[in-house]
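The residues making up each chain are set out below.
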Amino acid sequence: MVGDRAQDSSGWCAAKWAALAAPAVMVVALAVGVGCAGPEPMIEPNEAVEVLDLVAGFTDATVSRVETNPENGPRSPMPFVNPERGVLFVPLGAAVEYEFDLPPGGVLRSGDARNVGSATGRLEVAWVPSNGAEVLITRDFSAAPARIACFGNTELESGRLVIRGRGQATDDDPQAGMRVFNPKVIAGGPCVTRRAVDRPRVEGRKPNIVVYLIDALRADRVGCYGYRRATTPHIDEFASSALIFTGAQAQTSWTRPAVASILTGLLPQQHGAIDKKDALSESATTLAELLSGAGYESSAVVSNGNVSQVYGFAQGFSYFKYLQEVEIGEHVVRSEDVNDAVFSWLDDVRGEDPFFLYIHTVDPHLPYAPPESTRRVFAPGVLDPSIGSVEAVNKVAADRHLVTPALIGELSDLYDGEVAANDASFGELMAGLVERGLVENTVIVVLSDHGEEFFDHQGWTHGNTLYAEMLDVPLIIRIPGVAPKSIPEIVQHVDVFSTLLDLAGVEAQPGVFGTSVRQLWSGDSEREWINRGLSHLQIKERFGEAWVDPGFKMLTRRLGNGEIRTSLFDRVEDPSEHVDLAEERSELVRALMVRYREELAAAGGSLEGVEVDAEREAEVEAQLRALGYL
Ligand SMILES: [Zn+2]
């Protein structure tokens, strides 16, 4: 028994949990019904009450080495705590067990949980009821959304919480393990069952779904979109058996709102996660929530903090791994590290159900620092690779006098090296899926969230404008049984959401802006495809709107002096958007603006905007800085 766990709680519930910590015979009497006995108030569903502090309660815990992992066992140290910092350390191959009475709806919750040393480990958490068999809570606690693992039953239950360090150290490192900050068992949380997402059984076999998002990849740097250099042989090979959408448009030009549109089917103005401080509202219905509700196992491995749990993107995922630089020892997590985490989920965590797996890599994103293997090929003339650092590019972006054609070429070459490195990882991922027999029944989507600028319109990176280099994105979808095809119609991020639901046989909720693109490959539909795209940008003082149709693109942009400028480009004659026709075609500009406004008005209903929790945001700050966001 752990003796001191209830002392820091306050008020009536402290008395309740102190009572729960007492011998079981007394507990049973109290546990009849829910909440406190007598006239005292019931626990509010979301009122968190601390049951056990795993650091403070460590002195009463049992520590051991895990017998099933003998290679690590003999060498690894025993678990220990650092009470001043609130840290529990569990070496790989070791376990710590806490015996206590688990109240209904209990959850294990922690602050950061991360690898230490050379480990690529994970924390396995299990509950052993005193009158039953062990129940695995999670194979990888650090990937539990918001680091909350639900395991309380509907009734009070005595037993043991077991926490094991699993995995192999990447070299001979006895110090390898997992460090967890402030791990606590809390009662009165949102869960009442043992599974974070209670999935119904799937009738018939639905296809698995993999979404592979390469951050900041512009379409014109991809071979199958016509690039002259061989940056993407693996994506090209994949595309040869897939649908290539040559008119795909991003909904905006930076990560958070773009991915929010992919995951909700809503325009940025509808989902509201548009500015630096915005999080995706809990009231959003996400692809992961809908698929989980239909029996899918939803899982994500992401390497950009903008789509982490901090900003609300873990909604609906039963497994959500946000890889941060601290785990890998580099500033930016590379796509091969993302692959490692994906394979480890496929092999160690995944269950029997069909799965939805969202993978987000950032190689082409700033900094442009490709590995030697691709730098040699794509940027052999770059003598000083440090020109691709966040600091160096920011400096060039702030002073256009520093820009020379040679510098543009060199940065662009480094970017190509990054694209090629990410492509190699995609090739390895595909090989890994083939090896595991997972290609035949899996829908695979390759896309990017937005493009990247190399002074095309006197700017750099992304999130500043909505020109073609921002909005023209690759979108390739491989559907088992569907013949490859190049599709020129304009499709948008929001359509990815609707298409994947359609393929999974799940109905979207009303109010979604996206449309399934099925008619574009099947050819049968009662109605014509609405061939247009709407994009939007609002970040700090920057603002822009874009309307894209097969003939023209209408674009507004707030200039440095606050003035809103509207431009018009001929998409056929001037695809890179350098000849502004707005003055000579002012009637057309007005007509397109009216259509844009009408569509927006018809789309209607926006979600309540939510501002991100500042304390939580600090968790991702270092990584966002490394990517050049701060
Ligand atoms: Zn991005």
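Fair warning: this is a prediction, and the values are worked out from it, not measured in the lab.

Parameters at a glance
Residues numbered from 1 in each chain as written. Predicted model: local features only at pLDDT ≥ 70, side-chain atom pairs only at ≥ 80, totals over all residues. Core = buried A, V, L, I, M, F, W, Y, C linked by C-beta atoms within 7 Å. Buried ≥ 20, exposed ≤ 12 C-beta atoms within 10 Å, placed from the backbone. Helix = DSSP H or I, 4+ residues; strand = E, 2+ residues; numbered from the N terminus. Domains from an automatic or database assignment. Contact = placed C-beta atoms within 7 Å. Expected span 1.5 Å × (residues − 1). Pairing = 2+ DSSP bridges. Axes fitted to C-alpha atoms, helices over the stretch in contact; angles between N-to-C directions. Parallel < 35°, antiparallel > 145°, perpendicular 65-115°, else oblique. Left-handed = near helix turned anticlockwise from the far one by under 90°. Nonpolar A, V, L, I, M, F, W, Y, C, P; charged D, E, K, R; others polar.

Could you give me a rundown of the nonpolar core, with the residues and numbers involved?
Among the nonpolar cores identified, the biggest contains 166 residues, and Ala149, Tyr212, Val301, Ile359, Val445 and Ile476 are the most heavily contacted of them. At 11 residues, helix α11 (residues 405-435) tops the list of elements feeding residues into this core. Lining this core are residues from two domains, each supplying at least three of them: domain 1 (43-187) and domain 2 (208-626). Apart from the residues within four sequence positions on either side, isoleucine 359 is in contact with Val210, Val211, Tyr212, Leu213, Val301, Val338 and Val342.

Describe α11, naming the residues involved and giving the relevant values.
For α11, built from 31 residues, the straight-helix expectation of 45 Å at 1.5 Å per residue is met to within 8% by its first-to-last C-alpha distance of 45 Å. Glycine 437 sits one or two positions beyond α11 and adopts a positive phi of about 65 degrees.

Outline the pairing of strand β11 (residues 157-166), listing residues and values.
Among the 10 residues in β11, 8 count as buried, and that is most of the element. One ladder, built from 8 bridges, connects strand β5 (residues 94-102) with β11; its direction is antiparallel. By the bridge assignment, phenylalanine 100 is partnered in β11 with glycine 159. Here strand β8 (residues 122-129) pairs with β11 via 8 bridges, running antiparallel. Bridge pairing links valine 128 to arginine 160 in β11.

Hey, could you go over the sheet that holds strand β13 (residues 184-187) for me, with residue numbers and the actual values?
Taken in spatial order, the 4 strands make up an open sheet running β1-β13-β6-β10, and their pairing is antiparallel. The two strands at the open ends of the sheet, each matched to only one other strand, are β1 (49-53) and β10 (148-150). If you compare each strand with its neighbour and ignore which way they point, the axes differ by 30 degrees on average. Sheet topology note: the strand β6 (residues 107-109)/β13 ladder contains 3 bridges and is antiparallel. Within the sheet, the bridge partner assigned to arginine 109 lies in β13 and is lysine 184.

A description of the packing of helix α4 (residues 255-264) against helix α13 (residues 493-504) should follow, citing residues and the corresponding values.
Helix packing for two helices is described by the angle between their axes and how far apart those axes are. Axis separation between α4 and α13 bottoms out at 6 Å; the angle between their running directions is 30 degrees. Viewed along their axes, α4 and α13 adopt a mutual orientation that is roughly parallel. The two elements α4 and α13 cross, and the hand of that crossing is right-handed. Between α4 and α13, the contacting residues are Ala258, Ser261, Ile262, Leu263 and Thr264 on the first element and His493, Val494, Val496 and Phe497 on the second. In terms of residue class, the contact of α4 with α13 is made up of 6 nonpolar, 3 polar and no charged.

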